[in-house]
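Each chain is listed here by its residues.
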Amino acid sequence: MQHKREKTVKPKLALHSEQSPAHHSQFERITLLLQGGGALGAYQAGVYQALSEAGLEPDWVAGISIGAINAAIIAGNAPEQRVPKLREFWENATQDISSYTPAFFKSMVTRDDTKRQMMNTVSAIRTIMYGIPGFFNPRLLMPWLAPQASAAATSYCDVAPLKTTLERLIDFDRINNGEMRFNIGTVHVKSGNFIDFDNKKDTITPEHIMASGALPPGFPPVEIAGEYYWDGGLVSNTPLQCVMDNASQDTLVFQVDLWSADGEFPQNMADVLTRQKDIQYSSRTRANTDRFKEQHKLRHAIVSLLEKLPAELKQLPEARLLSANTCTKVYNIVHLIYHNKNYEGYSKDFEFSRRSMEDHWQSGYNDMVNTLKHPEVLERPNNPEGIAIFDFSRDKGNKSADLSAIQPRKHKAA
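Computed from a prediction, not measured in an experiment: that's the story for all the values here. (Residues numbered from 1 in each chain as written. Predicted model: local features only at pLDDT ≥ 70, side-chain atom pairs only at ≥ 80, totals over all residues. Heavy atoms only, no water.)

### Notes on the overall build of the protein chain
Scanning the protein chain for helices and strands turns up 14 helices and twelve strands. The buried share of the protein chain, taken over its 414 residues, is 52%. Expressed as a percentage of contacts within the protein chain between residues at least 6 apart in sequence, the contacts between residues at least 24 apart total 74%. Accessible surface computed for the protein chain: about 19,000 Å², of which carbon and sulfur atoms make up 54%. (Helix = DSSP H or I, 4+ residues; strand = E, 2+ residues; numbered from the N terminus. Buried < 20%, exposed > 50% of the residue type's maximum accessible area, 1.4 Å probe, protein only. Contact = heavy atoms within 4.5 Å. Areas by Shrake-Rupley, 256 points an atom, 1.4 Å probe, with all protein chains shown as cover.)

### Remarks on the packing of helix 3 (residues 79-92) against helix 14 (residues 354-372)
Where helix 3 meets helix 14, the axes come as close as 10 Å, and the angle between the chain directions of the two elements is 150 degrees. Judged by the inter-axis angle, helix 3 sits roughly antiparallel to helix 14. Between helix 3 and helix 14, the contacting residues are Val83, Leu86, Arg87, Trp90 and Glu91 on the first element and Arg354, Met357, Glu358 and Trp361 on the second. (Axes fitted to C-alpha atoms, helices over the stretch in contact; angles between N-to-C directions. Parallel < 35°, antiparallel > 145°, perpendicular 65-115°, else oblique.)

### Notes on the packing of aromatic side chains
Under the criterion given, the structure shown has 14 aromatic pairs. Residues Phe89 and Phe135 carry aromatic rings whose centres are separated by 6.1 Å and whose planes lie at 55 degrees to one another, so their mutual orientation is tilted. One end of the pair, Phe89, is in helix 3; the other, Phe135, is in the loop between helix 5 (113-130) and strand 3 (137-138), with 46 residues separating them in the sequence. You can call Phe135 buried: its relative accessible area is 7%. Aromatic side chains Trp144 and Tyr156 sit 6.1 Å apart centroid to centroid with 65 degrees between the ring planes, which places their arrangement in the edge-to-face category. One end of the pair, Trp144, is in the loop between strand 3 and strand 4 (157-158); the other, Tyr156, is in the loop between strand 3 and strand 4, and twelve residues separate them in sequence. A relative accessible area of 66% places Trp144 in the exposed class. In this structure Tyr156 comes out as partly exposed when scored by relative accessible area, which is 33%. Lying across the ring of Trp361, Arg87 places its NZ or CZ 4.5 Å from the centre. (Phe/Tyr/Trp six-rings, centres within 6.5 Å; stacked < 30°, edge-to-face > 60°. Lys NZ or Arg CZ within 6 Å of the ring centre and 35° of its normal.)

### A few points about the pairing of strand 1 (residues 29-34)
When a strand is regular, its side chains alternate between the sheet's two faces. Burial of strand 1 is extensive: six of the six residues sit out of reach of the surface. Covered by surrounding structure in strand 1 are Arg29, Thr31 and Leu33 together with Ile30, Leu32 and Leu34, the residues of both alternating faces. In terms of strand pairing, strand 1 meets strand 9 (residues 251-257) through six bridges, oriented parallel. Looking at strand 9, one finds that Thr31 is bridged to Val253. Pairing analysis gives four bridges linking strand 1 to strand 2 (residues 60-63), with the strands arranged parallel. Within strand 2, the position partnered with Thr31 by the bridge is Trp60. Crossover handedness for the path strand 1 to helix 1 (residues 42-53) to strand 2: right-handed. (Pairing = 2+ DSSP bridges. Right-handed = clockwise from strand over helix to strand, strands pointing away.)

### Observations regarding the environment of Trp259
The topology assignment puts Trp259 in the loop between strand 9 and helix 10 (269-282). Taking C-alpha positions, Trp259 is 7.6 Å from Ile279, a pair spaced 20 residues apart along the chain. Polar side-chain contacts of Trp259 include one of 2.8 Å to the backbone oxygen of Gly36. (Polar contact = N/O pair within 3.5 Å; in protein donor to acceptor, adjacent residues only side chain to side chain.)

### Observations concerning the pattern of salt bridges
The full count for this structure, using the stated rule, is 15 salt bridges. Here Arg181 and Asp198 are joined by a salt bridge, their closest N and O atoms 2.6 Å apart. Of the two residues, Arg181 sits in strand 5 (residues 181-188) while Asp198 sits in strand 6 (residues 194-198), which places them 17 residues apart along the sequence. Accessibility classification places Arg181 together with Asp198 in one group, the buried group. (Salt bridge = Lys/Arg side-chain N within 4 Å of Asp/Glu carboxyl O.)

### Observations regarding helix 3
One full turn of an α-helix is made of 3.6 residues, so residues set three or four places apart face in the same direction. A rise of 1.5 Å per residue sets the reference length of helix 3, with its 14 residues, at 20 Å; its end C-alpha atoms lie 21 Å apart and thus fit the reference within 8%. Those residues of helix 3 that are buried lie in contact with helix 1, helix 2 (66-75), helix 6 (160-169) and helix 14. (Expected span 1.5 Å × (residues − 1).)

### Quick word on the packing of helix 3 against helix 6
Contact geometry for helix 3 and helix 6: axes closest at 11 Å, N-to-C directions at 160 degrees. Overall, the two elements helix 3 and helix 6 adopt an arrangement that is roughly antiparallel. Remark: the crossing between helix 3 and helix 6 carries right-handed chirality. Between helix 3 and helix 6, the residues in contact are Lys85, Glu88, Phe89 and Asn92 and Thr165, Arg168 and Leu169, respectively. (Left-handed = near helix turned anticlockwise from the far one by under 90°.)

### With respect to the environment of Thr251
With respect to the secondary-structure elements, Thr251 resides in strand 9. Taking C-alpha positions, Thr251 is 6.5 Å from Asn332, a pair spaced 81 residues apart along the chain. With residues near it in sequence (within four places) discarded, Thr251 still touches Phe27, Arg29, Thr31, Val330, Tyr331 and Asn332.

### Regarding helix 5
Compared with an ideal rise of 1.5 Å per residue, which puts 18 residues at 26 Å, helix 5 spans 25 Å between its outermost C-alpha atoms and is within 8% of the ideal. All of the buried residues along helix 5 are Arg116, Met119, Asn120, Ser123, Ala124, Arg126 and Thr127. Buried residues along helix 5 cover an arc of 155 degrees about the axis, so they all sit on one side. Along helix 5, the residues that are exposed and aim more than 90 degrees away from the buried face are Thr114, Ile128 and Met129. Following helix 5 by one or two positions, Gly131 has its phi on the positive side, about 80 degrees. (Arc of directions from axis to C-beta.)

Below, the structure written as structure tokens:
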């Protein structure tokens, strides 16, 4: 079924010169971490565009699910092609809902939250019925009627179109040449273990990206070297662990999350389902970041302690063991967390309308620009713990507020 596409109108996004900080010089690497979240992933593309315009190109990208797709497009293209390729992916995956909705919907004033919610619901239903161009198609046969052990028997959708899209938009030779560190998270179907694929040790293919986004029961498991993998978000939807395990360089981390654990108390069943999904896929982001902070403080404390030991005690096996687990590197972790609009609900991650995509993209761009107005995020932490955590989040009480209503919150290691 063919639908007329909305004429592409790219947002007027440009960082003013006074907002553009100098490229980082106090850190040895910049890391960009991208959470899973389906249609919400356009927010990450907006964040990346603002980073790129500010001269803050990442040296390392890691992602899960839709974050893996965005990360692969970034790592698999030359810097000047990354934003255009992200635009191409997101424009191809979204459509103008007015092209397939009844006439009375077109006349609605979409600034009204209730009416916008109705429009988004129509868009989400269309995704279920017709799929997403270049991404996935619904299977004609119900899984219970398909041959046992086949892909059709274990999923509702066929993701073959996604492989073609990835091959068109991504240069996998560029990913595998190691110019940019690249990680994606998956889950091994049989063992249930979280498996991290890393271009330092693995040859990344389209199947790796597809596996990271193979969320059951919608999508089938993906075979890689005789083993089958599902979406990494089943175990952890935030790729922070790979950074925690590689504390070897002074690092500026931009962690871009699509689900906020903070939210209002639900008032009805629709709210319950939305809160459940938010909590489930937020993957305890702040808790894990705080744990990383405590671990890093401990490493720095061990360094300080060992420096005070007499030479003979430093040779003890216990001291050598402690020394092997020290770290003197510093970290800034900058959170960017997408917060729901009033009209968004349970279907927000599979609502692929063009307008919502543009809104998410613009939100990510604006949030990153606002964050970069705070120069301290680019400065090395000068506390003894060697780590600073920043979160400039929207006012939770007014999710539709513009940038002037953003309330900054900064958390540094105590």
